[in-house]
Amino acid sequence: VGHCHSDIVKAAHEQNELLNTNSRYLHDNLVDYADRLSKTLPEKLCIFYFLNSGSEANDLALRLARQYTKHEDVIVLDHAYHGHLTSLIDISPYKFRNLEGQKEWVHVAPVPDTYRGLYREDHEDSGAAYADEVKNLIEHAHKRGRKIAAFFVESLPSVGGQIIPPAGYFQKVAEHVHKAGGVFIADEIQVGFGRVGKHFWAFQLQGDFIPDIVTMGKPIGNGHPLACVATTKEIAEAFAATGVEYFNTFGGNPVSCAIGLAVLDVIEKEHLQAHATEVGNFLMKILKEQQVKHPIIGDVRGCGLFIGVDLIK
């Protein structure tokens, strides 16, 4: 919502003057914020865990998936990056290819890129074709005695090149993953909170589709350390059944939640979703005008204020 937004600074300052404590102490801000956030999401995503960073959120999502499915393996997209913790470097080809390499429990699917990828714009159903690549990975994993815990994906792959997955891709992938006993995790850390304009969450661009777990970070606190994992009652209950309760000293503290509430207020009050759509459309228009003039611009793609320009030789 912009650097040093006065509403955010005020919310942080006022709560700081009253109380800031760890989340073992009950505070209304936590409940009020979870309630507000729930109104932006599909009804079945109704359990919230609050944390300090996107990396923490993705690490917890991985734990939730494994506890719920009792499986270990994870499918990710090529070039993906999901965070800096050890568990997340392991599922980030963007990182692990330059470090210790691919673990046996990690399976890498091709990026659903219709410009440079395996199946392009002229393919009759690129969404289904890319989803079949995931299905093939699952079958290959099963032959090796592996079991899939999760398909872990950014709703719009960012580090992988500002990719807009083809229509129907998520639904078909979810079908294959669920059939294998796994869950679908949507990483909204870079692309959530209205950035895509027409929807509050980027996974909604795929139409009638609901992930099993959604992770949030970055814009959730406008630069303040705040993150969240949203999931279903079934997954949360399986996680709680271990008897090892989830606890995070600073996750969901009163100041962070006050800031989170203020961010949602500003997004609504200043019509920032509509703003992302309008400015994004204008930017796409002038970039496409440049594309006509300059052969080096191979592709211009995006949605709202998530835009990629592909430069070619």
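Residues numbered from 1 in each chain as written. Predicted model: local features only at pLDDT ≥ 70, side-chain atom pairs only at ≥ 80, totals over all residues. Heavy atoms only, no water.

Visitor: Tell me what's going on with the domain arrangement of the protein chain, and back it up with residues and numbers.
Guide: The domain boundaries assigned to the protein chain delineate domain 1 (6–270) and domain 2 (271–312). Here domain 1 and domain 2 have C-alpha centroids that lie 25 Å from each other. Counting residues at the interface gives 23 residues for domain 1 and 18 residues for domain 2. Summed over both partners, the interface of domain 1 with domain 2 comes to about 1,700 Å²; 55% of that surface belongs to carbon and sulfur atoms. If you sort the residues of domain 1 by the area they bury against domain 2, Y115, Q162 and R195 come out on top, with a joint share of 33%. Between the two partners, domain 1 and domain 2, sit one salt bridge. In this structure, the salt-bridge partner of R116 is D310, at a minimum N-O distance of 2.6 Å. (Domains from an automatic or database assignment. Contact = heavy atoms within 4.5 Å. Buried area = accessible area lost by both parts, 1.4 Å probe. Salt bridge = Lys/Arg side-chain N within 4 Å of Asp/Glu carboxyl O.)

Visitor: An account of unusual backbone geometry is needed here, citing residue identities and associated values.
Guide: Positioned with a positive phi, K70 is a non-glycine residue whose angle comes to about 65°. Mapped onto the secondary structure, K70 falls in the loop between α3 (54–69) and β2 (73–77). The backbone phi angle of K218 is positive, close to 40°, even though this residue is not glycine. Checked against the element boundaries, K218 lands in the loop between β6 (213–216) and β7 (227–231). (Helix = DSSP H or I, 4+ residues; strand = E, 2+ residues; numbered from the N terminus.)

Visitor: For the sheet that holds β2, give the residues involved together with the corresponding values.
Guide: As summarised here, the arrangement of the seven strands in space is β1-β7-β6-β5-β4-β2-β3, forming an open sheet in which the pairing is mixed. Here the strands that pair on one side only, and so sit at the sheet edges, are β1 (47–51) and β3 (106–109). Averaged over neighbouring strand pairs, the angle between their axes works out to 20° when direction is ignored. Sheet topology note: the strand β4 (residues 148–154)/strand β5 (residues 183–187) ladder contains five bridges and is parallel. When the bridges of β5 are listed, F152 appears paired with I185. On top of the sheet, helix α2 (residues 28–38) reaches β1, β6 and β7; it is set at about 120° to β1, its chief contact. Packing of helix α8 (residues 233–240) onto the sheet brings it into contact with β1, β5, β6 and β7, and relative to β1 it is tilted by some 60°. (Pairing = 2+ DSSP bridges. Axes fitted to C-alpha atoms, helices over the stretch in contact; angles between N-to-C directions.)

Visitor: Explain the packing of helix α6 (residues 126–143) against helix α7 (residues 169–179) to me, using residue names and the numbers behind them.
Guide: The N-to-C vectors of α6 and α7 enclose an angle of 20°; their axes lie 8 Å apart at closest approach. Regarding the angle of α6 to α7, the classification is roughly parallel. Of the two possible hands of crossing, α6 and α7 adopt the one that is right-handed. Contacts between α6 and α7 pair G127, A128, Y130, A131, D132, V134, K135 and I138 from the former with Y169, K172, V173, H176 and V177 from the latter. (Parallel < 35°, antiparallel > 145°, perpendicular 65-115°, else oblique. Left-handed = near helix turned anticlockwise from the far one by under 90°.)

Visitor: Explain a negative patch on the surface to me, and be specific about the residues and the numbers.
Guide: Residues E124, D125, D132 and E139 make up a contiguous surface patch of negative charge. Position of D125 relative to the elements: it lies in the loop between β3 and α6. Judged by its relative accessible area of 31%, D125 is partly exposed. (Patch = residues over 30% accessible without salt bridge, like charges linked within 9 Å, V, L, I, M, F, W, Y side chains within 5 Å. Areas by Shrake-Rupley, 256 points an atom, 1.4 Å probe, with all protein chains shown as cover. Lys, Arg positive; Asp, Glu negative; His and termini not counted. Charge placed at Lys NZ, Arg CZ, Asp CG, Glu CD. Buried < 20%, exposed > 50% of the residue type's maximum accessible area, 1.4 Å probe, protein only.)

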